[in-house]
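# Remarks on the overall topology
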Amino acid sequence: MGQTFDRIFENAIVVNHDGRAERDIGVANGKIAAIGNLAQSDAGERVNCKGLHILPGVVDTQVHFREPGLEHKEDLQSGSLAAVMGGVTAVFEMPNTNPLTTSEAALADKVARATNRMHCDFAFWVGGTRDNVDDLPELERLPGAAGIKVFMGSSTGDLLIEDDEGVAAVLSKVRRRAAFHSEDEFRLREREHLRIEDDPRSHPVWRDEIAALQCTERLVNIARKCGARIHVLHISTAEEMAFLQAHKDVASVEVTPHHLTLTADDYERLGTLIQMNPPVRDKRHKEGIWQGLDQGIVDVLGSDHAPHTLAEKQKPYPASPSGMTGVQTLVPMMLTHVNAGRLTLERFVDLTSAGPARLFQIAGKGRIAAGYDADFTIVDQGRTETITNEWIASKCSWTPYDGVEVSAWPVGTIIRGRRVMWEGELVGGSAGQAVRFMEGL
Ligand code: DOR
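Notes on the structure follow. The structure presented is a predicted model; accordingly, all values stated were derived computationally and were not measured.

Tallying each qualifying case throughout the model produces seven aromatic pairs. Centroid distance tryptophan 391 to tryptophan 409: 4.5 Å. Interplanar angle 40 degrees. Geometry classified as tilted. You can see tryptophan 391 sitting in the loop between β15 (385–386) and β16 (405–406) and its partner tryptophan 409 sitting in strand β17 (residues 409–415), a full 18 residues away along the chain. Each member of the aromatic cluster is reached from another via a ring pair, and the members are Phe92, Trp125, Phe360 and Phe437.

Taken as a whole and judged by the stated rule, the model has 41 salt bridges. Among the salt bridges present, the one from arginine 130 reaches aspartate 163, with a minimum N-O distance of 2.5 Å. In this pair, arginine 130 is assigned in the loop between β8 (121–127) and α3 (136–139) and aspartate 163 in the loop between β9 (145–151) and α4 (164–173), connecting sequence segments 33 residues apart. For arginine 130, a relative accessible area of 45% gives the class partly exposed. Owing to a relative accessible area of 18%, aspartate 163 belongs among the buried residues under this scheme.

What follows deals with the site of the ligand. The full set close to the ligand counts 13 residues, and Arg66, Asn96, Thr156, Asn277 and Ser322 are the nearest of them. A distance of 3.3 Å separates an oxygen atom of the ligand from a polar side-chain atom of histidine 64. Measuring from an oxygen atom of the ligand, one finds a side-chain N or O atom of histidine 308 at 3.0 Å. Here the ligand has 290 Å² of accessible area as a free molecule, and 100% of this is covered by the chains. The residue makeup of the shell around the ligand, split by class, is three nonpolar, nine polar and one charged.

This part is about the sheet that holds β9. Ordered in space as β6-β7-β8-β9-β10-β11-β12-β13, the eight strands form an open sheet in which the pairing is parallel. Two strands in the sheet have a free side with no partner beyond their single neighbour: β6 (58–63) and β13 (300–301). Relative to β9, β8 is paired through four bridges, and the arrangement is parallel. When the sheet's bridge partners are listed, phenylalanine 124 is paired in β9 with alanine 145. In the packing of α4 onto the sheet, contacts are made with β9, β10 (178–181) and β11 (230–232), and the angle to β10 comes to roughly 160 degrees. Running over the sheet, helix α7 (residues 209–226) touches β10 and β11 and is turned about 170 degrees from β11.

What counts as what
Residues numbered from 1 in each chain as written. Predicted model: local features only at pLDDT ≥ 70, side-chain atom pairs only at ≥ 80, totals over all residues. Heavy atoms only, no water. Phe/Tyr/Trp six-rings, centres within 6.5 Å; stacked < 30°, edge-to-face > 60°. Helix = DSSP H or I, 4+ residues; strand = E, 2+ residues; numbered from the N terminus. Salt bridge = Lys/Arg side-chain N within 4 Å of Asp/Glu carboxyl O. Buried < 20%, exposed > 50% of the residue type's maximum accessible area, 1.4 Å probe, protein only. Near = heavy atom within 4 Å. Polar contact = N/O pair within 3.5 Å; in protein donor to acceptor, adjacent residues only side chain to side chain. Areas by Shrake-Rupley, 256 points an atom, 1.4 Å probe, with all protein chains shown as cover. Nonpolar A, V, L, I, M, F, W, Y, C, P; charged D, E, K, R; others polar. Pairing = 2+ DSSP bridges. Contact = heavy atoms within 4.5 Å. Axes fitted to C-alpha atoms, helices over the stretch in contact; angles between N-to-C directions.

Spelled out as structure tokens, the structure:
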């Protein structure tokens, strides 16, 4: 007599921390109940996954969903719809909304708006400022908090701590791993005159590689002095990658699909659509970032999904805002890189589920193991599709990859045992819940 499950996902190749093998996964009460040959077991539903790979649910640890305050660009519902359409099961959302997520009330408001309304699970980064620095130890442990995020260089919104003293004040308070946007604000101010009207190719000239490297060096030094762990978001230069290799004891590293895919040559074709902070740079940097990924320096992939409307993006540079969509295209773009031999499927799993779980101490997610949440990203590694703007569920309805042919595709998004997306259809109601963290339990 076998066990009885709510649902069995059968005949798939399961890719996990222990490699890949054909296995069935039995799910009960939203959790993984058994892994193995479950042919003899009973289930309410059997989902045939022949020819597909089941990966642990992809966690995108950097998205901007714009609610509250900027809902004309995106909201928690539309952003999370884009996430599940692209195979993403949980997101960590950024604090540069209006109001900023810098207080207990603002965080509680986001959690309330998100619960059972977002399509995927969620956590929210809390912005660190000069004003809330004394409250950070409490704020970073509140339900739904992913940790503290600091902008050292200004980007969309008003969050900024540009000086060493301000960053040290934050790092001497926090206990969890804090995340940083690392571009040197002082250098950015000095170089503003290098922006050329209507020419986004001047964006990486203004926000150059030295601004990124200089800031990351300052940040690591401050972290060492304070005995703190840091997470450096969206690394965009070869030099930072070489530097961070020597500082992995304090620093974890995120890279984005756009810095691994696009180069400065693409400004010609895509203009302000690929204007991003930190910028997309020349090929040498793209190769340096891949090298960092190959060498194990990179810990996680984040999409930095940062939607702006096409009308906003069509303003002449530098009036055009920085940011592009990305949460929905992360899985197909990166799995196409897998098929091209640039990384293994196992490394993809490491970067998108095991990595986030390890760095941020996620409770009960991040691997396919009995007792864990039944979060799966189910993909077809042999399916050719073309990404189009029409497919993009984000409110702003565009992607820099419009017209790009990919060789792999997300077929199913399973969250706590429920089918949420299947074959491009939204099949489950919105039931998003806050991700739990061991440090907040
Ligand atoms: O290009 C960017 N856009 N980089 C950021 O850090 C912020 C983001 C946004 O919120 O638009």
